[in-house]
Amino acid sequence: MPTCRCGLIGAGIAMSLSPALHQEEGRRHGLDLTYTLMDAEAGLAALVDRAEADGFAGVNITHPFKQQANALVDALSPQAQAIGAVNTIVFENGRRTGHNTDVHGFTEAFRKGLPGAATDRVVLLGAGGAGAACGYALLGLGVGHLTIVDPDPDRLGTLGELLAARFDTDRIALTAPGRIAKALAAADGLVNASPVGMAAHPGLPLPVHLLHRGLWVKDVIYLPVDTDLLIAARARGLRAVGGAAMCVFQAAAAFELFTGRIPDPSRMLQHAELLLRDRTPTPLWST
């Protein structure tokens, strides 16, 4: 039976779905696939070096290292270069190539979870690695005007420049959290790509009263399944979906990069739903 070793590097990743998703899909393809979680206490560079030395096909990179990973590869895929963030590194023939499968993951999850959603004006929280992928995906999906909110002006400016190199600058605005109210009042949708809402960063990323009627909400966080933001949005009658489908679609794309095999995203979605069923009282893929 062919073998494949891969894994995930990040902080606070003990509850990740990635091992189960990759290993089960590997089994379906007749692969002896091992997916290892590597909490980055040892440092990102050291763990990437170790994985390559141990014969891994590649590694996924998650919060908070997606932008740092750019410096650890020999080449970047066009999409990873365009958004300045890497969530997948493939080791092949002594070279490291950085990819970003989050853009694909967000795009497919948005289409599945929020069909028909208005996208004239959208507010995006977070200009980090996840935010960069979401911003690129949203503009690619045809969002008319995207306002990106982040407390770090340097990170915000860097993402703005990257996106402006690919999309019309008239469609992009950058703002600090203190000015979010005006942008959100006119928005059709809100995307949370900040870490606020994760188990290690509990709470709401914005005041509840800003969640107005007619707004849809997309949270890229998938653990906890029902973040405080999603709970608050649904309590106000809004369409609101979490990050589980994005996790699955980006994992499917990474699986193909690691193995060269074409995964079955529908099967992986069903597997994820089984894994998360006991953790959520609400549907995963729709409102």
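Thoughts on unusual backbone geometry
And step 1. Residues histidine 63 and proline 64 are joined by a peptide bond in cis, for which omega reads 5°.
And step 2. Secondary-structure assignment places proline 64 in the loop between β3 (58–61) and β4 (75–76).
And step 3. The step from leucine 223 to proline 224 runs through a cis peptide bond, and the omega angle for that step is 5°.
And step 4. Its location among the elements puts proline 224 in the loop between β11 (216–219) and α8 (228–235).
And step 5. Of note in the backbone geometry, asparagine 93 takes a positive phi value of approximately 55° without being a glycine.
And step 6. Of note, asparagine 93 is situated in the loop between β5 (88–92) and β6 (95–99).
And step 7. Residue asparagine 93 is classed as exposed on the basis of its relative accessible area, which comes to 78%.

Brief notes about the environment of valine 143
And step 1. Along the chain, valine 143 turns up in the loop between α5 (129–140) and β8 (145–149).
And step 2. For valine 143, a relative accessible area of 0% gives the class buried.
And step 3. Discounting chain neighbours no more than four positions away, the residues touching valine 143 are Thr119, Asp120, Val122, Leu138 and Arg171.

Details of the sheet that holds strand β9 (residues 172–175)
Within a beta sheet, neighbouring strands are joined by backbone hydrogen bonds and run either parallel or antiparallel to one another.
And step 1. On the basis of which strands lie adjacent, the open sheet formed by 6 strands has the order β9-β8-β7-β10-β11-β12 and parallel pairing. Bordering the open sheet on either side are β9 and β12 (240–241), each of which pairs with just one other strand.
And step 2. Bridge count between strand β7 (residues 121–125) and strand β10 (residues 189–192): 4 bridges; the pairing is parallel. Within β10, the residue paired with leucine 125 across the bridge is asparagine 192.
And step 3. Lying over the sheet, α5 contacts β7, β8, β9 and β10, oriented at roughly 170° with respect to β7.
And step 4. Contacts from helix α6 (residues 153–164) reach β8 and β9 within the one sheet, and its direction differs from that of β9 by about 175°.

Thresholds, definitions, all that
- Residues numbered from 1 in each chain as written.
- Predicted model: local features only at pLDDT ≥ 70, side-chain atom pairs only at ≥ 80, totals over all residues.
- Heavy atoms only, no water.
- Helix = DSSP H or I, 4+ residues; strand = E, 2+ residues; numbered from the N terminus.
- Buried < 20%, exposed > 50% of the residue type's maximum accessible area, 1.4 Å probe, protein only.
- Contact = heavy atoms within 4.5 Å.
- Pairing = 2+ DSSP bridges.
- Axes fitted to C-alpha atoms, helices over the stretch in contact; angles between N-to-C directions.

Geometric descriptors of this kind do not, in isolation, establish any biological role.
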